[in-house]
Amino acid sequence: MLYAIIAEDRPGSLPKRLAARPAHLERLQSLQDEGRLILAGPHPAIDSDNPGDAGFSGSLIVAEFADLDSARTWADADPYFSAGVYASVTVKPFKQAFPQ
């Protein structure tokens, strides 16, 4: 089943985000290599593809996991979470309607 991992960044966490980014991307690449990643990306803090020093307000990942507990366990091990980038993380089941 698919799960949405919705994370909110702590204010001022851009330096921590940048430092933890390689490890975060490595984990996402593993999901992609396994054919389980649907989409992933950050939410710019301002209306811009490149927010610069404004940074990001959070992230969204939609991926396949065996169950909700597996999705939560994966999210809890995210380098952004352990680096203190995320203030909160919500994991929910997700039903993809489009594209089919």
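Residues numbered from 1 in each chain as written. Predicted model: local features only at pLDDT ≥ 70, side-chain atom pairs only at ≥ 80, totals over all residues. Heavy atoms only, no water.

Asks: Mind showing me how you'd approach the layout of surface pockets here?
Replies: Any empty space left between the atoms is revealed when a probe the size of a water molecule rolls over them. Computed from the structure, the largest pocket encloses a volume of approximately 210 Å³. Elements with a contribution of two residues or more to the lining of the largest pocket: helix H1 (14-33), strand E2 (37-44) and strand E3 (56-64). By residue number, the principal contributor to the lining of the largest pocket is H1, which donates six residues. The class makeup of the residues in the lining of the largest pocket is eight nonpolar, three polar and two charged. (1 Å grid on protein atoms, 1.4 Å probe; cavity = no way out; pocket = protein on both sides within 12 Å on 5 of 7 lines; lining within 4 Å. Points joined across faces, edges and corners; volume = space filled by probe spheres on them. Helix = DSSP H or I, 4+ residues; strand = E, 2+ residues; numbered from the N terminus. Nonpolar A, V, L, I, M, F, W, Y, C, P; charged D, E, K, R; others polar.)

Asks: Looking at this structure, how should I read the packing of aromatic side chains?
Replies: The description of an aromatic ring pair uses the distance of the two centres, along with the angle that the planes make with each other. Tallied over the entire structure, the rule returns three aromatic pairs. Aromatic side chains Phe65 and Trp74 sit 5.8 Å apart centroid to centroid with 50 degrees between the ring planes, which places their arrangement in the tilted category. One exposure class covers both Phe65 and Trp74, and it is buried. Pairwise contacts between aromatic rings join Tyr3, Phe65 and Trp74 into one cluster. Directly above the ring of Trp74 sits Arg27, whose terminal nitrogen or CZ lies 4.0 Å from the centroid. (Phe/Tyr/Trp six-rings, centres within 6.5 Å; stacked < 30°, edge-to-face > 60°. Buried < 20%, exposed > 50% of the residue type's maximum accessible area, 1.4 Å probe, protein only. Lys NZ or Arg CZ within 6 Å of the ring centre and 35° of its normal.)

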